[in-house]
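Listed below, chain by chain, are the residues.
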Amino acid sequence: MCGIVGYIGTRPAADILMDGLRKLEYRGYDSAGLATVLEGELHCVRAKGKLQNLQDKLDGQENPARLGIGHTRWATHGKPEEHNAHPHRDGSGRLAVVQNGIIENYRELRETLKAQGHQFTSDTDTEVVPHLIAQYLSQLTEGDLQGRSRLLEATRRAAQDLLGAFALAIVSADFPDELVVVRQQAPLVIGFGQGEFFCASDTPAIVPYTRAVLPMENGELASLSPLGVEVYNFAGDRQRKHPITLNWNPIMVEKQGFKHFMLKEIYEQPGVVRTALETYIDNAWAPGQADRTPVQLGLPDDLLNGLDHVQVVACGTSWHAALVGKYLIEALANLPVLVQYASEFRYSPTPLIPHTLTIGVTQSGETADTLAALEMEQTRRAAHA
Ligand code: GLU
């Protein structure tokens, strides 16, 4: 899980992008980078390690560009080195892409693109995307556009070739008035300002500038230009969308005086557990009420009564939390519980056991492997039913 930010408007983009990336630091990262478009040229700066390393490279560079994208990377494919940091560019160096997620079929795409003459400079899954978009840009005819912009149309065609869970932001020196964004199973939010537009993996990067946001849906892409925002589905149909107004406080995700986010999260645990439980506690319950339970999860009784088995899919810390859940469920509900690594489960699921409740645990709600494992399990069970 990494961070994407994008800006198109009237203010210097680099400052807004760096500010946005700082707001997304809580998501964790190992390297960072920016690409801006200025006077017909693409400028790309990347650095391994903390955002300060990127800031050090930017300091002293006058950059009034009004369009750009930024990224904090959490490496999944290729070491956390500068040459693997995003943005990644096409062969001409004029088109730049940042990606959050995993392109599952990148190997096949890379081989095909190599055979077409494209050269690669990184070890990432992401680098196929700018090359693929460039390839489609070179092939598009006027008749292909049907009212869509060239950059959006080439991106749409590229997105249809990609398998996996990903969010993308794209800029090109050849399209200096446009920022294109894509969402497929990874978060992306568009922000609507006065004559300026933003995109980000999460709202804290946007709320200092505007509270009017549009969370994109899976299978959507959008073109952000000074004239406005146009949203399409992957089939190319224009979507009617209206931003919503956020009413929460950006301070909620700041470090609030703690030295690290992890320390802040540890201290927040009692409050978070209390708030989470409050949603499900039946306040009208009193001890001795046999016909009511104090906690209402909203799960149908016939589902719970018919269960023989529970499986939990999770990764990392969530996997450890699930192990605690296993002890509790087994002790309290007397049901056998299997806790699985979502990343393994996706490729090697356990045999289907009837009357199983599958629970996904993800700290962020966005862990790609866990979401994919749940979706796969749902499809597998539906096919078997
Ligand atoms: N899979 C991509 C990479 O390794 C993106 C990782 C991320 O979401 O930061 O570069």
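Before reading on, note that the structure itself is shown above.
Cut-off values and rules
Residues numbered from 1 in each chain as written. Predicted model: local features only at pLDDT ≥ 70, side-chain atom pairs only at ≥ 80, totals over all residues. Heavy atoms only, no water. 1 Å grid on protein atoms, 1.4 Å probe; cavity = no way out; pocket = protein on both sides within 12 Å on 5 of 7 lines; lining within 4 Å. Points joined across faces, edges and corners; volume = space filled by probe spheres on them. Helix = DSSP H or I, 4+ residues; strand = E, 2+ residues; numbered from the N terminus. Nonpolar A, V, L, I, M, F, W, Y, C, P; charged D, E, K, R; others polar. Near = heavy atom within 4 Å. Polar contact = N/O pair within 3.5 Å; in protein donor to acceptor, adjacent residues only side chain to side chain. Areas by Shrake-Rupley, 256 points an atom, 1.4 Å probe, with all protein chains shown as cover. Pairing = 2+ DSSP bridges. Contact = heavy atoms within 4.5 Å. Axes fitted to C-alpha atoms, helices over the stretch in contact; angles between N-to-C directions. Buried < 20%, exposed > 50% of the residue type's maximum accessible area, 1.4 Å probe, protein only. Phe/Tyr/Trp six-rings, centres within 6.5 Å; stacked < 30°, edge-to-face > 60°. Patch = residues over 30% accessible without salt bridge, like charges linked within 9 Å, V, L, I, M, F, W, Y side chains within 5 Å. Salt bridge = Lys/Arg side-chain N within 4 Å of Asp/Glu carboxyl O.

Colleague: Can you explain empty space enclosed by the protein? Please cite residues and give values.
Modeller: Considering all chains together, one arrives at two cavities of 30 Å³ or more under this definition. Size it by volume and the largest cavity reaches roughly 50 Å³. For the largest cavity, the full set of lining residues is Val5, Gly6, Tyr7, Ile16, Leu17, Gly20, Phe198, Cys199, Ala200, Ala205 and Ile206. If you list the elements that add at least two residues to the lining of the largest cavity, you get β1 (3-8), α1 (13-23) and β10 (197-200). Tallied by class, residues from the lining of the largest cavity come to nine nonpolar, two polar and no charged. Volume-wise, the second largest cavity comes out at about 30 Å³. Among the elements of the structure, β2 (31-38) and β3 (41-48) are those that each provide at least two residues to the lining of the second largest cavity. For the lining of the second largest cavity, the per-class residue count stands at three nonpolar, three polar and no charged.

Colleague: Give a description of the site of the ligand that names residues and reports values.
Modeller: Close contacts around the ligand come from 14 residues, with Arg73, Trp74, Thr76, His86 and Gly101 the closest. A distance of 2.6 Å is found between a nitrogen atom of the ligand and a side-chain nitrogen or oxygen belonging to Thr76. In this structure, an oxygen atom belonging to the ligand sits 3.1 Å away from a side-chain N or O atom of Asn100. Expressed as a share of its isolated accessible area of 290 Å², the protein-covered part of the ligand is 99%. At the level of elements, β4 (67-73) and β6 (95-103) are the ones that each hand at least two residues to the shell around the ligand. No other element matches the three residues that β6 contributes to the shell around the ligand.

Colleague: Go over the sheet that holds β6 with me, naming the residues and quoting the values.
Modeller: Here seven strands make up an open sheet; going across it, the order is β5-β6-β7-β8-β12-β13-β14 and the pairing antiparallel. Of all the strands in the sheet, the pair left with one neighbour each is β5 (88-89) and β14 (238-239). Bridge analysis of strand β8 (residues 175-184) against strand β12 (residues 220-225) gives five bridges, and the strand direction is antiparallel. Along β12, the bridge assignment pairs Arg183 with Glu220. Relative to β8, helix α6 (residues 150-161) is tilted by about 25°, and along the sheet it contacts β6, β7 (164-172), β8, β12 and β13 (228-233).

Colleague: Any chance you could break down the pairing of β6 for me, citing the residues and the numbers?
Modeller: Side-chain positions along a regular strand alternate between the two faces of the sheet. In terms of burial, β6 is a largely internal element, eight of the nine residues being buried. In sequence, β5 turns back onto β6 through a hairpin of five residues, with Gly93 there showing a positive phi of about 75°. Here β6 pairs with β7 via nine bridges, running antiparallel. Among the inter-strand pairings, Asn100 is bridged to a residue of β7, identified as Ala167.

Colleague: Now, about the packing of aromatic side chains: what can you tell me, with residues and values included?
Modeller: Counted by the stated rule, this structure contains six aromatic pairs. Considering the side-chain rings of Tyr7 and Phe198, the 5.2 Å spacing of their centres and the 55° angle between planes classify their relative orientation as tilted. Here the residue Tyr7 occupies a position in strand β1, and Phe198 occupies one in strand β10, the gap between them amounting to 191 residues. Neither residue differs from the other here; Tyr7 and Phe198 are each classed as buried. Both rings, one in Phe198 and one in Tyr209, keep their centres 5.1 Å apart while their planes meet at 15°; by these two values the pair is stacked. Here Tyr209 lies in the loop between β10 and β11 (212-215) and Phe198 lies in strand β10, a separation of 11 residues in the sequence.

Colleague: Residues and numbers for a nonpolar patch on the surface, please.
Modeller: Taken together, the side chains of Val273, Leu277, Tyr280, Ile281, Val295, Leu297, Leu299, Leu303 and Leu304 define a hydrophobic patch exposed on the protein surface, amounting to about 720 Å² of accessible area. Taken together, the elements giving at least two residues each to the nonpolar patch come down to α7 (261-278) and α8 (301-305). Secondary-structure assignment places Ile281 in the loop between α7 and α8. The partly exposed category is assigned to Ile281, whose relative accessible area is 35%.

Colleague: Pulling in residues and values, what's your account of the pairing of β10?
Modeller: Side chains Phe197 and Cys199 of β10 all project onto a buried face; the interleaved residues Phe198 and Ala200 project onto the opposite face, where all are buried too. Bridge count for β1 against β10 is four bridges, and the pairing is antiparallel. Counted as the bridge partner of Ile8 is Phe197 from β10. As paired strands, strand β9 (residues 189-192) and β10 are joined by four bridges and run antiparallel to one another. If you follow Gly191 over to β10, its bridge partner there is Phe198. Connecting β9 to the antiparallel partner β10 that follows it, the hairpin turn spans four residues, and Gly195 within it adopts a positive phi of roughly 70°.

Colleague: Got a sec to walk through the pattern of salt bridges? Specific residues and values, please.
Modeller: Counted under the stated rule, the structure contains 21 salt bridges. Asp144 serves as the salt-bridge partner of Arg157, at 3.6 Å between the closest nitrogen and oxygen. With a gap of 13 residues between them, Arg157 in helix α6 and Asp144 in helix α5 (residues 142-145) connect regions that are remote in the sequence. Residue class for Asp144 comes out partly exposed when judged on its relative accessible area of 22%. Between Glu220 and Lys241 there is a salt bridge, with its nearest N and O atoms 2.8 Å apart. Placement of the pair is Glu220 in strand β12 and Lys241 in the loop between β14 and β15 (244-245), with a sequence separation of 21 residues. Classification of Glu220 as buried rests on a relative accessible area of 4%. One salt-bridge network, in which partners are shared between bridges, spans Asp144, Arg148, Glu153, Arg156 and Arg157.

By themselves, these figures tell us nothing about what the structure is for.
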